[in-house]
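What follows is the residue order along each chain.
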Amino acid sequence: MRIRELYLVTSNRHKLVEASNVLREYGIELKPLNVAKVEVQSESLEEVALTAARLAFLSVGKPLVVEDAGLFIEALGGFPGPYSSYVYKKIGVKGILKLMEGVEDRRACFRSAAALALPGMERVFVGEVCGFIARESRGSGGFGFDPIFIPEGESRTFAEMSVEEKNRYSHRAKAFRRLAEFLSNLREAG
Ligand code: ITT
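Computed from a predicted structure; not experimentally measured.

Give a detailed account of the site of the ligand, specifying residues and quantitative values.
The ligand sits among 20 residues. The nearest are Thr 10, Ser 11, Lys 37, Asp 146 and Lys 166. A distance of 2.6 Å separates an oxygen atom of the ligand from a polar atom in the side chain of Thr 10. Within the side chain of Ser 11, one N or O atom sits 2.7 Å away from an oxygen atom of the ligand. For the shell around the ligand, the secondary-structure elements that each account for two or more residues are strand 3 (64-73), helix 3 (84-99) and helix 5 (171-189).

Give a description of the packing of aromatic side chains that names residues and reports values.
Centre-to-centre distance and the angle between the planes together describe a pair of aromatic rings. Applying the stated criterion to the full structure yields five aromatic pairs. Ring centres of Phe 110 and Phe 158 lie 6.1 Å apart, and the angle between their planes is 15°; this geometry places the pair in the stacked category. Taken together, the residues Phe 110 in strand 4 (residues 107-118) and Phe 158 in the loop between strand 6 (149-151) and helix 4 (163-169) connect sequence positions 48 residues apart. In this structure, Phe 110 and Phe 158 share a single accessibility class: buried. Among the aromatic residues, those joined into a ring-pair cluster are Phe 110, Phe 149 and Phe 158. The ring centre of Tyr 7 lies 4.9 Å from the NZ or CZ of Lys 62, which sits over that ring. Positioned above the aromatic ring of Phe 72, the side-chain terminus of Arg 111 is 4.4 Å from the ring centre.

Mind laying out the pairing of strand 2 (residues 29-33), listing which residues take part and the relevant values?
Pairing analysis gives five bridges linking strand 1 (residues 5-9) to strand 2, with the strands arranged parallel. Pairing of Glu 5 across the sheet is with Glu 29, part of strand 2.

If you had to explain the pattern of salt bridges to someone new, which residues and values would you point to?
Enumeration according to the criterion identifies 16 salt bridges in this entry. Residue Arg 172 is joined to Glu 18 by a salt bridge in which the shortest nitrogen-to-oxygen separation is 2.7 Å. Of this pair, Arg 172 sits in helix 5 while Glu 18 sits in helix 1 (residues 13-24), and the two are 154 residues apart along the sequence. The class of Arg 172 is buried, set by a relative accessible area of 2%. With a shortest N-O distance of 2.6 Å, Arg 111 and Glu 128 are connected by a salt bridge. Taken together, the residues span a long stretch of sequence, with Arg 111 in strand 4 and Glu 128 in strand 5 (residues 121-133) at a distance of 17 residues. A cluster of three or more residues bridged by salt bridges with shared partners is formed by Lys 15, Glu 18, Glu 67, Asp 146, Lys 166 and Arg 172.

Lay out helix 3 with the relevant residues and their values.
Here helix 3 spans only 14 Å end to end across 16 residues, well under the 22 Å set by a 1.5 Å rise per residue. In the structure, helix 3 departs most strongly from a straight axis at Ile 91, where the bend amounts to approximately 90°. Turning to helix 3, its buried residues number three or more, namely Ser 84, Val 87, Gly 92, Val 93, Gly 95, Ile 96 and Leu 97. Packed against the buried residues of helix 3 are strand 3 and strand 5.

So what's going on with the environment of Tyr 7? Residues and values would help.
Note that Tyr 7 resides in strand 1. Residue classification places Tyr 7 among the buried positions, given a relative accessible area of 15%. Separated by 24 residues in the primary sequence, Tyr 7 and Lys 31 have C-alpha atoms spaced 4.7 Å apart. Apart from residues lying up to four places away in sequence, Tyr 7 is in contact with Leu 30, Lys 31, Pro 32, Leu 33, Lys 62, Pro 63, Leu 64 and Val 65.

Tell me about the nonpolar core, residues and numbers included.
Counting 23 residues, the largest nonpolar core has Leu 6, Leu 23, Val 65, Leu 116, Phe 176, Leu 179 and Leu 183 as its most contacted members. Residue assignment for this core shows that the elements contributing at least two residues are strand 1, helix 1, strand 4 and helix 5. At eight residues, the largest contribution of residues to this core is made by helix 5. Excluding residues that lie within four positions of it along the chain, Leu 116 makes contacts with Leu 6, Leu 64, Val 65, Met 121, Glu 122, Arg 123, Phe 125, Leu 179, Phe 182 and Leu 183.

Basis of the calculations
- Residues numbered from 1 in each chain as written.
- Predicted model: local features only at pLDDT ≥ 70, side-chain atom pairs only at ≥ 80, totals over all residues.
- Heavy atoms only, no water.
- Near = heavy atom within 4 Å.
- Polar contact = N/O pair within 3.5 Å; in protein donor to acceptor, adjacent residues only side chain to side chain.
- Helix = DSSP H or I, 4+ residues; strand = E, 2+ residues; numbered from the N terminus.
- Phe/Tyr/Trp six-rings, centres within 6.5 Å; stacked < 30°, edge-to-face > 60°.
- Buried < 20%, exposed > 50% of the residue type's maximum accessible area, 1.4 Å probe, protein only.
- Lys NZ or Arg CZ within 6 Å of the ring centre and 35° of its normal.
- Pairing = 2+ DSSP bridges.
- Salt bridge = Lys/Arg side-chain N within 4 Å of Asp/Glu carboxyl O.
- Expected span 1.5 Å × (residues − 1).
- Bend = angle between axes of the 7 residues up to and from the residue.
- Contact = heavy atoms within 4.5 Å.
- Core = buried A, V, L, I, M, F, W, Y, C linked by side-chain atoms within 4.5 Å.

Shape descriptors only; they carry no functional weight alone.
Dropping the structure here:
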């Protein structure tokens, strides 16, 4: 089976830009698909992404991906984790910085689960990047919690990086690279 075109079900254009940059390297074009992303309540990013992908595939029947991601902060017991989208909308970057005031342990990880749905096949690919929550918001690139996340080995936040630089580290780039490798192997096999 040769997949040259894949749809990404998302309302977040930044996700599309980041993921399509990765897939392009593998000769796969990622296109936005405007159908509702059905989000089940679950603590598992994999389960949220897979259920959404399954339902979207049932409704459109095209090869597609749904990605679910979150920021897991060590000192907050993994919060906001699977609730990152909701927490971002409610309290944003400022709210997280407030919760982290006076907290010395700044460790945090971003995680991503990218669920692929093809005719007769489903797979989930995960990616993770760990680092630190900055003391203040910095940079204007990216989205969500990018201005307060510094990946390990860097001094800049994700929001201070270009898409290509963020993709060298990011949870999303790792998950989509795994997905692309899987598709490349399918090609060789078929
Ligand atoms: P879709 O569901 O439409 O794909 P979304 O932005 O709501 O878009 P998620 O449900 O995966 O995406 O929510 C993840 C939230 O976690 C997102 O709103 C951000 O606040 C945060 N997040 C995830 N990945 C991020 C990244 O790479 N940089 C910054 N924040 C990120």
